[in-house]
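As a plain string of letters, each chain reads:
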Amino acid sequence: MKEPRQAFLTTGQIAKRTGLTLRTLRYYDAIGLLKPAHHDDTAARLYSREDLIRLQRIQTLKYIGLSLSEIAQILSRDALPEQDLRASLRMQKELMRKKMAHMQYVAKAIDESLTMLEGGEQEVGWDELTAMIQTVHTEKDWGEQYRSAARLQARMALYDRYSANGTGWHRWFFSRLPEEGGLKVLELGCGDGALWERSRERIPQDWSVTLTDLSPGMLEEARSRLAGVPGRFRFLAADAEEIPFHDGEFDIVIANHMLYHVMDIPRAAAEMHRVLKPGGRLYASTMSLRHLREVEGLAKAFDPQIEVLDPVLERFHLENGEAHLSPPFRTVECIRYDDHLLVDEAEPLIAYITSTPMNAKERLVGEALQRFRSELKTRLEREGSLYITKDTGFFLAVKS
C-alpha cells in the first residue's frame, strides 16, 4: 500500500524547517549521504521521519568537525538502527560530553602556559609546548570517538532492553556499598563517572569521594558529567599499580570492571590493601568466563573465525579473582548479580556482536552479514527467543 504524501516532507519543507539550504540537501542526495525515501509523480524528493533522523545525525557529526566522507563511512557501518532515535540522541550526547571535557582539558593547558608567561617567564619551554601539543592531539579522532560511542550504545541497548533484572548493574552495585556517613571513598578507573551519576540520589552528603583514572581526558569527562551531582568529589589521574595516597587513608576502595585491564594485578591488590584503613572494604567487580558465552557460540557456529568476546577478561574474572586478592586480603567474598538476557529480535543482537573490539565487525559484512541475519531470524522464529547468560558480580575484600 502506497503511503500518503502527508507522511513525508519535501526538500523545500525540510529546508524551511531546519534552516539548511536547498543546495545542501540536494548535494547530500547527489553524493548518496541522504537519499530521500520516495519521489512522487512530479519527481519531488520526499523525506521520511527516518530520513530526518539520519539528517540530524549528519549535522551533529559535521558540528564536531568530521568531513562528509568520514560521516558517510561512519553511517554506512554504524551498528545503531537508524530508527532508534532515543539511542542515537543518547549516544550523541555522550560524544558531546567527551568533546566538551576534552576542550576544557585543552583550555586548562593553555591557562597554565598563560600563567607562566604572566608570572614573568619570558617564554614557555620545550616541555610545556610539547605537552600542549600532545593535549590537543589526544582524542582528536572524533570519528573513532563516534564509532566507539555507537558501539557502546549498541551493547548498552541490548542490556537495557533484554535484561531480566530491572534494577540495573550500577544501581545494584551501589546499593551494596555501606550507608553510614563520613566515609572516605576511592574509585580506581572511574571512567566517565557513570556509577555516581546513576546513583546520584543515594550518595551520602558527607562522603568524601576521590575519583581516579589513568586518562586525564576521561577524568575531565567525569568531572563534567558529575557537575550537577550532589557530593564532595575530587578528581586525580592515577595508576592502580601505584596509588598516590597515604597508608590507611580510605574506608572504601572501588574497582568497578577495571582490574582485568591492569598489567600487574598482584601489585594493584597490594596497593589497594595499603591505602585502606583497618576494617576498610574493597569492592572489585568483574564478570565470569560464562558471561555472554552463548553470543560467542552463536557467532562461531556461523563462522569459526569470528571473535566476539575480549580475552582480556581472562586476566581477572569471578573464577580467579579471589586468588588475585587473597594474598593481601584475608577475607574475600564473591557476590553475584542475578541476571540474564532473553533476546527475541535479531537486530539488537547483531548490533552487539558487531560492536565489540574483536573481529566480528570485519567478518560480518556484505553477503556474510545477510546470511547471518537470515539464519538468526530463522532460529528466533523456531525457538521464540534466545537465553543468554549474564554472570557478573564483585569481590568484597576486608582489610583485617
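Reading the values: the criteria
- Residues numbered from 1 in each chain as written.
- Predicted model: local features only at pLDDT ≥ 70, side-chain atom pairs only at ≥ 80, totals over all residues.
- Heavy atoms only, no water.
- Helix = DSSP H or I, 4+ residues; strand = E, 2+ residues; numbered from the N terminus.
- Core = buried A, V, L, I, M, F, W, Y, C linked by side-chain atoms within 4.5 Å.
- Buried < 20%, exposed > 50% of the residue type's maximum accessible area, 1.4 Å probe, protein only.
- Contact = heavy atoms within 4.5 Å.
- Arc of directions from axis to C-beta.
- Pairing = 2+ DSSP bridges.
- Axes fitted to C-alpha atoms, helices over the stretch in contact; angles between N-to-C directions.

Draft legend 1. Fine view of unusual backbone geometry. A positive phi angle is found at His257, which is not glycine, with a value near 50°. Mapping His257 onto the fold places it in the loop between strand E7 (250-256) and helix H11 (265-275).

Draft legend 2. Seen up close, the nonpolar core. Counting 29 residues, the largest nonpolar core has Val253, Leu259, Met272, Leu282 and Leu325 as the members making the most contacts within it. Secondary-structure elements contributing two or more residues to this core are strand E4 (184-188), E7, H11, strand E8 (276-287) and strand E10 (386-398). Discounting chain neighbours no more than four positions away, the residues touching Leu325 are Ala269, Met272, Leu282, Ala284, Phe316, Val332 and Phe395. Core analysis: the second largest hydrophobic core is formed by 27 residues, Trp172, Phe173, Leu219 and Phe233 among them.

Draft legend 3. Region of interest: helix H12 (residues 293-302). Among the residues of H12, Val295, Glu296, Leu298, Ala299 and Phe302 are the ones counted as buried. Take H12 and look down its axis: the buried residues cluster within an arc of 160°, on one side only. Turning to H12, the residues buried within the fold contact helix H14 (346-353), helix H16 (366-383) and E10.

Draft legend 4. Spatial organisation of the sheet that holds strand E3 (residues 45-47). Here we have three strands laid out as an open sheet, ordered E1-E3-E2, and antiparallel in their pairing. The open sheet has two free edges, formed respectively by strand E1 (9-10) and strand E2 (38-39), since each of these has just one partner strand. Two elements, E1 and E3, share two bridges in a ladder whose sense is antiparallel. When the sheet's bridge partners are listed, Leu9 is paired in E3 with Tyr47.

Draft legend 5. Just the sheet that holds E8, in detail. The seven strands are arranged E6-E5-E4-E7-E8-E10-E9 in an open sheet whose pairing can be described as mixed. Whereas interior strands pair on both sides, the edge strands pair on one side only; in this sheet they are strand E6 (232-237) and strand E9 (331-343). Within this sheet the neighbouring strands show an average axis-to-axis angle of 15°, counted without direction. In terms of strand pairing, E4 meets E7 through four bridges, oriented parallel. Residue pairing in the sheet places Leu188 in a bridge with Ala255 of E7.

Draft legend 6. Layout of the environment of Leu214. Mapped onto the elements, Leu214 comes out in the loop between strand E5 (208-213) and helix H10 (216-225). Leave out the neighbours within four places in its chain, and Leu214 touches Ala238 and Asp239.

Read these as spatial facts, not as claims about activity.
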